[in-house]
Structures are given as C-alpha cells and as structure tokens.
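Analysis of the macromolecular model
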Number of protein chains: 2
Amino acid sequence: MPQRPSTEKNFRIVVEYDGTAYHGWQRQKQDPSIQGALEQALARMTGQRLTVNGSGRTDAGVHALGQVANFRCRTRLGPVELLKGLNSLLPADIAIRTCDSVPLDFHARFDARWKCYQYRVLNRPVRPALDRHRVWHIYRPLDLAAMRAALPHIIGTHDFRAFENTGSPRSTTVRTVRQADLRREGDGGLIFEVSANGFLKFMVRNLMGTLVAVGLGRLTSQEVEVIRQSGDRRRAGAAAPPEGLYLLHVTY
Amino acid sequence: MPQRPSTEKNFRIVVEYDGTAYHGWQRQKQDPSIQGALEQALARMTGQRLTVNGSGRTDAGVHALGQVANFRCRTRLGPVELLKGLNSLLPADIAIRTCDSVPLDFHARFDARWKCYQYRVLNRPVRPALDRHRVWHIYRPLDLAAMRAALPHIIGTHDFRAFENTGSPRSTTVRTVRQADLRREGDGGLIFEVSANGFLKFMVRNLMGTLVAVGLGRLTSQEVEVIRQSGDRRRAGAAAPPEGLYLLHVTY
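Presented here is a report on the structure given in the accompanying data block. (Residues numbered from 1 in each chain as written. Chains lettered and ligands numbered in written order. Predicted model: local features only at pLDDT ≥ 70, side-chain atom pairs only at ≥ 80, totals over all residues. Heavy atoms only, no water.)

**With respect to the packing of aromatic side chains**
What counts here: We call Phe, Tyr and Trp rings a pair once their centres come within 6.5 Å, taking the six-membered ring for Trp, and we label the pair stacked below 30 degrees between planes, edge-to-face above 60, and tilted otherwise. Helix and strand assignments come from DSSP, with helices taken as H or I runs of at least 4 residues and strands as E runs of at least 2, each series counted from the N terminus. Throughout, exposure labels follow a simple rule: accessible area from a 1.4 Å probe, protein chains only, divided by the maximum for the residue type, with under 20% read as buried, over 50% as exposed, and the rest as partly exposed. Remark: a charge is flagged as sitting over a ring if the NZ atom of Lys or the CZ atom of Arg is within 6 Å of the ring centre and within 35 degrees of the ring normal.
Summed over all chains, the structure comprises 12 aromatic pairs over all chains. Relative to W136 of chain A, the ring of Y119 of chain A has its centre 6.2 Å away and its plane inclined at 85 degrees; by these criteria the two rings are edge-to-face. Taken as a pair, Y119 of chain A in strand β5 (residues 114-123) and W136 of chain A in strand β6 (residues 136-138) lie far apart in primary sequence, 17 residues in all. Across this residue pair, the class does not change: Y119 of chain A and W136 of chain A are buried. Sitting over the ring of F106 of chain B, R12 of chain B keeps its end group 4.9 Å from the ring centre. In this structure, R120 of chain B packs its charged tip against the face of Y246 of chain B, placed 4.0 Å from the ring centre.

Written as structure tokens, this is what we have:
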C-alpha cells in the first residue's frame, strides 16, 4: 500500500475469463461477477475502493478472450507490477493479459469503437464432454450454405431491435455490423464471428439463434431480412445459450 | 433389463472425456475413474456387472477425444440404443462418440495397433483462464526450431526406457514411434502430436518435458539422442503435467 500521496493514473487492462462460474461481468450484491473479482483484487493491492469500467457487460456464463477495462487510481505501482499482482490475486478463471498506462481521459466503454464477438457451435450427433461449458451443442445437421446466405442481411447499418432483448437503457437500436462470417473448424465446430460498433442486449445470441433456425430449415435466409426489417423480436429465433459466446476483442 | 436370455455380444465404444475430475481411466476402489463411470452406467442399463476394457490407461487429469474400449454383454440392445442410453446416464464430462457391434474376439487393448496422443502447451507470458485445465502453461519463450530439431531423435524403433516412469508391468521398453511433430496454433498455442505402436508409462509427458527443456535452452536437440541412448530416466526432462495431454485416437 503506498504511504505517500501519488498522482492519479489510469490503466487499461485486457482480461480473459471463463464465465462459467460468474453471474456476468457486472458487479452484484451477492453473486460472483468478473467486475467484482477485479475490484476486490485491486482493493487488496492498492487499499482503495476503485471502479473498474468494462467496455460492456457480458451475461452470466459468457466468456472473454479480450474484454477491455480501465480503472483510475492513485498509486506508485506501474503497469507491470499491477499485471503481476492482479494475476497472482485473481481466481484461476480470470487472467489479465496486458496492462498499460493510458491518458486520464480514456474510458473503456465510452471510447470503444468496435467490438468483435465469436460464437461457437458444436454440430455433431453426440454431446461434447470436453467443451460442455464452451459451445452450443446442436445435434441435427446444420445447412451452412443457407446460414451463410443469411449473413448479408445482418451486415451494415440497420435498426437491430428485432434481435434485442429488453432491459438495457439505450438511446437508439441502430448499430453498424461491419463484418459477420461463419466457418467450420475441426470436428463439427462452427464459428460465427461478428464485429460491430456496439451490440444491443442479447444481440449476438439472438442473431446466432436466428442463424441456427435457418441452418435447421425453420427459417429461410431471406426471412432474416424480413425479420430484421419488421423490428419484431418475437419473429427472430430464440437466444442461443451463453456458454458458446466469447468477447474476442475491442478496438479503440 | 432384458427378461429373456440373449446371445453374448461385443461392443466397441469411442469415448471423449474431460479428465480433470477423475483419478484416471482405471477403476478405483474409492476415487472416481472413467472406467468406473462407464461400468456403473452399463450396470444400470443392463443389470449386469461388466468389465470395460480400455485401449490403455490414462493418468489422473489426462483427457481423451478418442479413447477406445470394448465390453461384452448379453443384451438385446443394439449399438444405437447403448450409445443413447450411455450418453443419458453418464456424467457431463464423459461422452460416447460412437458405439459399434464388433466380433466377439475384439479386444480394445490387445488389438490396438497405433495410438496417437496430443500434448498442448500455451506459451505466453500470462497464465490461461479459459484453458487452465487444458494446457501446460510455459511463460518463458520456447525455441520451436530447437524443439523440432530434436524430433528425429524420438522417431523410429528404439528402447524408450529413458522416458518411462516405473510402475507398470511391460515385457519390453522398445516402442516404434512412427510420427512426431510440433506446430504452433492460435495465440501462443504449441501442439505436440505423437503416434506409436504403444507408449510406456508417462512416456508422452516425459518426451514433452524433455522437448520443453530443449525449447528453454536447458538441453540441446542432440542431447535428446544421447539421453534416449543412455536409457537413464534421470537425464530426461521432468514429466509435463497431465492437463495438457489428450488421447486423440487408436487404430486397429
């Protein structure tokens, strides 16, 4: 704990976590959260109650390889000491990948320009054992070509309210998706990657649920355009489960 | 439970498991094991106490994507019913990938011709959060070229006793390694894949530990040949931890 007063600093961290055991990013009164775990570790290191600002919330069970956050504090510690200290104090399912000094006005949420999410599906007859908390298992064969044909309908600047769950305050439901693709990987793996200037609540999971409905033949590719234009949440597919979702990286 | 007597059948299963929670493949008196879990599920399905023969034992914490086993039983159930029944009864960290009827004389251990293991290392400065039970984390940079230069010394038909831990009965310590390679994968991933007509106790983990010693500059590539020829276990690297090891497939 620093004994002499020190100037205020701002640090940016890139965080990896296994969301399985957490009630999401956001600090909770009782339940474990990623933000809460980070703030607790920082309190032990600095003796201060700090707020860690994430680039956005992730839901319960959702993972991250590159969540970004920042925190301001008065400390004589540098980024390397903070990185090592945090990684030794944090639980094993949360790790700090990088820590950097940033200008005092940097804010992980307000300054985020693009976010990229990955959604992993395992498409094979039998359930996974190793990846049971890491993928959405779909046992019926998915028509990848049909799913790919739906992608152009979710790229671009649109009102995405048909793919939003209610509950988060937002001034607009218009978002710009600049990239969305689907690829096979390994034995039955199917990876959806989507990049946008922001996501509405449950947007990636609702998009994935809708794409899977297309892959199963319940919707046509063209209907995804109709659903998006309708703005009607009830017409889109059910939300995909959280365990297949990963926040990959955030661009500033 | 079948009421009428039925002819004896033999089934071959391919099993995937997350070894984290198990004391290895082999049935134990108290501790959970993969073999024990399979035999318990089969006892519930068939009402019989059966023995499940694995292609070989895996150690505590070791995973499998394609362990092979067989069991003989008197049942009117077919392979599809067994597959579905087992997958509904087994814990979530064990899954049956395929189940087939095989001739009565098929034996998963005695008939195995080649086994292929994968060992996964994560080589980056900070510890993993998502893959903490799935890789060996090495934070110092590994010299992949030096490690690759050591591979020819472990390929071929040789006495591998320098890479064996004592404890398992075996008539010979000569094995034929027909393939061994190392590749980078993703962000810091390093994958060692090795295929042989059989492995001595801890052989893959001792080989990996030795290759990592080369990658860290503690041994030269050429010394791996000297160590193998010496037959002296104390000269090889320490065993790599179990959580990076995966039994990939077995060939008959």
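**A few points about the pattern of salt bridges**
Test applied: Definition used for salt bridges: Asp or Glu carboxyl oxygen within 4 Å of a side-chain nitrogen of Lys or Arg.
According to the stated counting rule, one finds 26 salt bridges over all chains in the structure shown. One salt bridge in this structure joins E16 of chain A and R124 of chain B, with 2.8 Å as the shortest N-O distance. Taken together, the residues span two chains, with E16 of chain A in strand β1 (residues 8-17) and R124 of chain B in the loop between β5 (114-123) and β6 (136-138). Each member of the pair, E16 of chain A together with R124 of chain B, is buried. Residues participating in the shared-partner salt-bridge network are E16 and R97 of chain A together with R124 and D187 of chain B.

**Points about the interface of chain A and chain B**
The cut-off we apply is this: Two residues qualify as a contact provided that any one of their heavy atoms is within 4.5 Å of a heavy atom in the partner residue. For any pair of parts, buried area is found by adding up, for both, the accessible area (1.4 Å probe) each one loses once the two are put together. Two N or O atoms count as a polar contact when they lie within 3.5 Å, although within protein this holds only if one can serve as hydrogen donor and the other as acceptor, and sequence-adjacent residues are included solely when both atoms are side-chain atoms. All residues other than Ala, Val, Leu, Ile, Met, Phe, Trp, Tyr, Cys, Pro, Asp, Glu, Lys and Arg, Gly among them, are scored as polar; the first ten of these are nonpolar and the last four charged.
In this assembly, 27 residues from chain A lie in contact with 27 residues from chain B. At the boundary of chain A with chain B, total buried surface from both sides reaches about 2100 Å², with 46% on carbon and sulfur atoms. Taken together, the links from chain A to chain B amount to eight salt bridges. Between D18 of chain B and R132 of chain A there is a salt bridge whose closest N-O contact spans 3.0 Å. Linking chain A with chain B are 24 residue pairs in polar contact (both at pLDDT 80 or more). Contributing elements (two or more residues each) for the side of chain A that touches chain B: β1, β3 (63-74), α2 (79-89) and β4 (94-102) of chain A. If one sorts the elements of the side of chain A that touches chain B by residue count, β4 of chain A sits on top with four residues. Here the side of chain A that touches chain B is built from residues that sort into 15 nonpolar, two polar and 10 charged.

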